[in-house]
Amino acid sequence: MMKVVNGFNLVKPNNPSGGQPDKNNCTFLLASRARYDKGWKEAIDCIVSLQKNGYKECNLILAGDGEMLEEFKNKFPSNKYPFISFLGFVSDVLHQINCCDVILLPTYHQEQLPTFIIEGLFLGKPVIATDIAEIKSMITYNNELAGITIPLSNGKPDVKKL
């Protein structure tokens, strides 16, 4: 028998020294493995588009390690894209979620039950995610949505709809 750990701590983070979203900015957080099919490129394209269209208060935090992390960091260096932060592996995702305004998961990976969305909902954060597998039902309660889902177009999220 093997024990598989896939869950999170049911204790909300206590952040006496801050840890709250910045009221002057809108911070989006995507926490997943650094892979194309997890929507990292689409999330980056979306935030770059928002910045170009005058929404200078929008920031994106990407948390997670993976095969594409260094490639993304090299393509989007902080000196040119100061509104994008690459954290790499994070041991306390709940703290990061608590510090953001919106959780973002534009995945086109065959997600079944993304823990990141469960954690975001646990902390009362709105969700922007692709309408894949059970994500829409995860963010629906009494026919009300705790965010929005974006349909896939040709197998990928439409950045314009994000």
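For the structure, check the block above.
Residues numbered from 1 in each chain as written. Predicted model: local features only at pLDDT ≥ 70, side-chain atom pairs only at ≥ 80, totals over all residues. Heavy atoms only, no water.

Draft legend 1. A look at the overall build of the protein. When helices and strands are counted, the protein shows five helices and ten strands. Residues classed as buried in the protein amount to 46% of the 162 residues present. Within the protein, residue pairs in contact and separated by at least 24 positions form 65% of the contacts whose partners lie at least 6 positions apart. Carbon together with sulfur atoms contributes 51% to the accessible area of the protein, which is approximately 9,300 Å² in total. (Helix = DSSP H or I, 4+ residues; strand = E, 2+ residues; numbered from the N terminus. Buried < 20%, exposed > 50% of the residue type's maximum accessible area, 1.4 Å probe, protein only. Contact = heavy atoms within 4.5 Å. Areas by Shrake-Rupley, 256 points an atom, 1.4 Å probe, with all protein chains shown as cover.)

Draft legend 2. Examining the side chain of Glu42 more closely. Relative to the elements of secondary structure, Glu42 occurs in helix α1 (residues 40-52). At 4.9 Å, Lys156 is the nearest oppositely charged side chain to Glu42, a buried residue that forms no salt bridge. When near neighbours in sequence (up to four residues on either side) are disregarded, Glu42 contacts Tyr36, Pro106, Tyr108, Lys156, Pro157, Val159 and Leu162. (Lys, Arg positive; Asp, Glu negative; His and termini not counted. Salt bridge = Lys/Arg side-chain N within 4 Å of Asp/Glu carboxyl O.)

Draft legend 3. Layout of the pairing of strand β1 (residues 26-31). By the criterion of burial, β1 is predominantly enclosed, with five of the six residues buried. As paired strands, β1 and strand β2 (residues 58-63) are joined by six bridges and run parallel to one another. Bridge pairing in β2 links Phe28 to Leu60. Chirality of the crossover, the property in question, places the unit of β1, α1 and β2 among those that are right-handed. (Pairing = 2+ DSSP bridges. Right-handed = clockwise from strand over helix to strand, strands pointing away.)

Draft legend 4. Broad picture of the pattern of salt bridges. A complete count under the given rule lists five salt bridges for this structure. Among the ionic pairs, Asp37 bridges to Arg35, the shortest N-O distance being 2.6 Å. The shortest N-O distance in the salt bridge between Asp45 and Lys41 comes to 2.7 Å. Remark: Lys41 and Asp45 occur in helix α1; sequence separation between them is four residues, near one turn of the helix. With relative accessibility at 26%, the residue Asp45 sits in the partly exposed group. Overall, Lys41 belongs to the partly exposed group, its relative accessible area being 26%. Here the residues in one salt-bridge network are Arg35, Asp37 and Glu67, joined through shared partners.

Draft legend 5. Inspection of the state of the cysteines at higher detail. Enumeration according to the criterion identifies zero disulfides in this entry. The thiol sulfur of Cys46 is not disulfide-bonded, and the nearest other cysteine sulfur, from Cys58, lies at 8.2 Å. Looking at Cys46, the relative accessible area reads 12%, which means it is buried. No disulfide involves Cys100; its sulfur sits 8.0 Å from that of Cys99, the nearest cysteine. Given a relative accessible area of 0%, Cys100 falls into the buried group. (Disulfide = S-S within 2.5 Å.)

Draft legend 6. Quick peek at the nonpolar core. One finds Ile44, Ile84, Phe86 and Ile117 to be the most contacted residues of the largest nonpolar core, which totals 45 residues. Looking at this core, the element that brings in the most residues is α1, giving six residues. Not counting chain neighbours up to four residues away, the residues in contact with Ile44 comprise Leu60, Leu62, Phe72, Phe76, Ile84 and Phe86. (Core = buried A, V, L, I, M, F, W, Y, C linked by side-chain atoms within 4.5 Å.)

Draft legend 7. Region of the structure containing α1. Across its 13 residues, α1 extends 18 Å between first and last C-alpha, which sits within 8% of the 18 Å expected from 1.5 Å per residue. Every buried residue of α1 is listed here: Trp40, Glu42, Ala43, Ile44, Cys46, Ile47, Val48 and Gln51. For α1, the secondary structure elements touched by its buried residues are β1, β2, α2 (69-75), β3 (84-88), β4 (102-105) and β10 (156-157). (Expected span 1.5 Å × (residues − 1).)

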